[in-house]
Amino acid sequence: MKIQGLPLTEVAQQFGTPVYVYDGEKIVTQIENLKTGFAKAPLKIKYAVKALTNVSILKLMKSQGVGVDAVSIEEVRLCMHAGYAASEIMYTPNCVSFEEIQEAVELGCMINLDNLVMLRKFGQEYGGKIPVALRINPHIMAGGNSKISVGHIHSKFGISILQLDQILEVVEEFGISVNGLHVHTGSDIMDADVFLRGARVLFDSAKNFPDLRFLDFGGGFKVPYKPDDVQTDMVKVGEEVSAAFNEFCESYGRSLELWIEPGKYLVSAAGYLLVSANVVKDTPEITFVGVDSGLNHLIRPMFYKAYHQVENISGEGRDTKRYDVVGYICETDTLAASRELAEVETGDVLVLKNAGAYAYSMASNYNSRLRPAEVLVWKGKAHLIRKREEFEDLLRNQVVFEF
Ligand code: LLP
């Protein structure tokens with residue numbers, strides 16, 4: 001298996017395993033797909049950086065004219081470290097302190113608020129001096145995995161569309177300038193209609209806000225994890241949302257920017273986690289392949305029951321056999337159950353696909369294991385973009401109490 005002509009087995013040899021490998025060209029293709037889909041609208045892409053925050057990836061996004069969406073002050077700082085001006089950063093926090101919001105204001109970020117308490121405080125502090133966007137909860141069930149559905153009525157995110165009157169009262173009381181409206185209904189959205197339904201909620205609310213500069217339709221575009229998975233048809237969604245948006249702008253009386261915030265769509269399929277087989281273990285029921293990774297590096301299979309395709313890239317041409325691919329963590333960390341793989345021998349390199357989004361960024365040091373290295377393949381060459389952790393990293397912030 002190759003990325004840009006480079007065999008992944010060579011990357012594993014050069015950098016060791018476990019290692020995350022990212023295909024820069026694939027990221028660029030995905031950006032281009034979005035630009036094509038939304039060609040008829042004034043599109044601004046704001047990459048949801050929580051998906052993959054490596055600074056070199058952020059720099060790649062910047063080089064392609066892509067802006068960023070950050071959810072914490074730390075993500076804001078990483079984006080600035082990568083060269084983004086604060087004014088290109090949309091800061092969309094949830095349940096953070098007002099002090100953190102103030103920090104983002106002081107840095108010069110665009111602010112997106114998702115609750116009435118903070119909106120009131122914001123009004124008291126800044127009046128109409130600092131424009132602000134509002135995240136609306138449209139009460140749409142995005143479908144798919146309930147853990148990653150966030151636009152429904154029981155979700156902690158956004159200001160309920162049913163509280164629009166209260167929003168308008170606060171905005172009027174403090175003369176707040178609302179420059180954008182935002183919806184994000186979830187991740188892995190199966191039904192493309194959800195995007196149009198979310199858009200319509202924004203169009204209806206937008207009439208009440210004369211100072212708008214943009215409408216932000218969030219992320220959540222579905223990428224395939226299994227070979228026969230549905231995926232969001234970006235051309236169809238792009239054309240439909242753009243047409244509805246342009247129609248809305250006419251009735252609004254002014255042209256606005258159309259924003260989207262993809263995470264998975266840009267980076268999921270660009271990522272590969274390469275692991276080595278430590279042991280092949282036969283039991284009466286199952287043959288396990290135990291690898292040098294686990295839920296500490298890729299938690300999605302356990303956390304969301306997510307499916308990641310696996311291949312044994314050292315075993316090309318061998319007969320196949322059924323395996324459970326499991327990690328080395330002292331928990332049941334099945335990365336892939338009941339998969340037909342080329343027969344596995346100790347030391348073989350296996351690849352887990354779709355490991356670009358919410359993979360490294362959700363990794364931990366559980367079992368005191370070290371996080372892997374990250375490698376970017378760019379113009380056919382592999383570049384180390386993060387060293388693998390070392391034992392000293394586990395001790396770095398510990399303050400040892402002597403007895
Ligand atoms: N915008 C906002 C406000 C978000 O909260 C998110 C994701 C996105 C955009 C990007 O969504 P995407 O295009 O990546 O679906 N860890 C989960 C996904 C959690 C998504 C959190 N918010 C997973 O691995 O499936």
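Just so it is clear, the structure is predicted and the values come from calculations on it, not from any experiment. Here, residues in each chain are numbered from 1, in the same order as that chain's written sequence. This being a predicted model, a pLDDT of at least 70 is required before a residue's local features are given, and a value of 80 or more before pairs of side-chain atoms are given or counted; all residues contribute to the totals for chains, interfaces and linings. Values shown for side chains rest on all heavy atoms present in the structure; no hydrogens or waters enter the calculation.

1. Brief notes about empty space enclosed by the protein
Okay, so step 1: In this analysis, the protein atoms alone were mapped onto a 1 Å grid. Cavities are point sets where a 1.4 Å probe fits without being able to get out; pockets are open sets with protein on both sides within 12 Å along at least five of seven lines; lining residues have an atom within 4 Å of a point. Grid points are joined across faces, edges and corners, and a volume is the space filled by probe spheres set on the points. Following the criterion strictly, the structure yields three cavities of 30 Å³ or more and no others.
Okay, so step 2: Here the largest cavity is characterised by a volume of approximately 60 Å³.
Okay, so step 3: Together, Val183, His184, Thr185, Val194, Phe195, Gly198, Ala199, Phe217 and Gly219 line the largest cavity.
Okay, so step 4: Residue polarity is assigned by list, with Asp, Glu, Lys and Arg as charged and Ala, Val, Leu, Ile, Met, Phe, Trp, Tyr, Cys and Pro as nonpolar; anything else, Gly included, falls into the polar class. Of the residues contributing to the lining of the largest cavity, the split by class is five nonpolar, four polar and no charged.

2. Details of the domain arrangement of the protein
Okay, so step 1: Boundaries of every domain are those given by an automatic assignment or by a domain database. Domain boundaries assigned for the protein yield domain 1 (24-267) and domain 2 (271-355 + 372-390).
Okay, so step 2: Using C-alpha coordinates to define each centre, domain 1 is positioned 34 Å away from domain 2.
Okay, so step 3: Every contact between the two is made by 20 residues of domain 1 and, on the other side, 14 residues of domain 2.
Okay, so step 4: With both chains or domains summed, domain 1 and domain 2 bury close to 1,300 Å², and 54% of this area falls on carbon and sulfur atoms.
Okay, so step 5: Buried area adds together the accessible area that both of two parts lose upon being put together, with accessible area traced by a 1.4 Å probe. For the domain 1 face of the interface with domain 2, the top three residues by lost area are Asn54, Lys147 and Tyr225, together amounting to 40%.
Okay, so step 6: Whenever Lys or Arg places a side-chain nitrogen within 4 Å of a carboxyl oxygen from Asp or Glu, that contact is recorded as a salt bridge. At the boundary of domain 1 and domain 2, one finds zero salt bridges. Two residues form a contact once any of their heavy atoms are found within 4.5 Å.

3. With respect to helix 8 (residues 193-206)
Okay, so step 1: For helix 8, built from 14 residues, the straight-helix expectation of 20 Å at 1.5 Å per residue is met to within 8% by its first-to-last C-alpha distance of 20 Å.
Okay, so step 2: For the exposure calls, accessible area comes from a 1.4 Å probe over protein chains only, and a residue counts as buried if that area is under 20% of its type's maximum, exposed if over 50%, partly exposed in between. Starting at the N terminus, helices and strands are each numbered in turn, a helix being any DSSP run of H or I of at least four residues and a strand any DSSP run of E of at least two. Helix 8 sits mainly inside the fold: ten of its 14 residues count as buried.
Okay, so step 3: Turning to helix 8, its buried residues are Val194, Phe195, Leu196, Gly198, Ala199, Val201, Leu202, Phe203, Ser205 and Ala206.
Okay, so step 4: Elements that come into contact with the buried residues of helix 8 comprise strand 8 (132-137), helix 7 (164-174), strand 10 (178-182), strand 11 (214-216) and helix 9 (234-252). What a helix should span is 1.5 Å times the count of its residues minus one.

4. Considering unusual backbone geometry
Okay, so step 1: Residue Pro18 is bonded to the preceding Thr17 through a cis peptide linkage, with omega at -5°.
Okay, so step 2: Here Pro18 lies in the loop between helix 1 (8-15) and strand 3 (19-23).
Okay, so step 3: The backbone of His139 shows a phi angle near 60°, a positive value even though the residue is not glycine.
Okay, so step 4: Residue position: His139 is located in the loop between strand 8 and strand 9 (159-160).
Okay, so step 5: Of note, the phi angle at Asn354 is positive, near 55°, even though the residue is not glycine.
Okay, so step 6: Tracing the sequence through the fold places Asn354 in the loop between strand 18 (349-352) and strand 19 (373-378).

5. Overview of the packing of aromatic side chains
Okay, so step 1: For Phe, Tyr and Trp, rings pair up if their centres lie within 6.5 Å, where Trp contributes its six-membered ring, and each pair is then called stacked (planes under 30 degrees apart), edge-to-face (over 60) or tilted (otherwise). Applying the stated criterion across every chain yields a total of twelve aromatic pairs.
Okay, so step 2: Ring geometry for Tyr20 and Tyr360: centres 5.8 Å apart, planes at 75°, overall edge-to-face. In this pair, Tyr20 is assigned in strand 3 and Tyr360 in the loop between strand 18 and strand 19, connecting sequence segments 340 residues apart. An identical accessibility class is assigned to Tyr20 and Tyr360; each is buried.
Okay, so step 3: Plain terms: the ring middles of Phe203 and Phe217 are 6.1 Å apart, the flat faces sit at 80° to each other, and that makes the pair edge-to-face. Taken together, the residues span a long stretch of sequence, with Phe203 in helix 8 and Phe217 in the loop between strand 11 and helix 9 at a distance of 14 residues. As far as the burial class goes, Phe203 and Phe217 line up, both buried.
Okay, so step 4: Among the aromatic residues, those joined into a cluster by ring pairs are Phe203, Phe217, Phe245, Phe248 and Tyr252.
Okay, so step 5: Each ring is checked for a lysine NZ or an arginine CZ that lies within 6 Å of its centre and within 35 degrees of its normal; such an atom marks a charge sitting over the ring. Arg369 extends its terminal NZ or CZ atom over the ring of Tyr328, reaching a point 4.1 Å from the ring centre.

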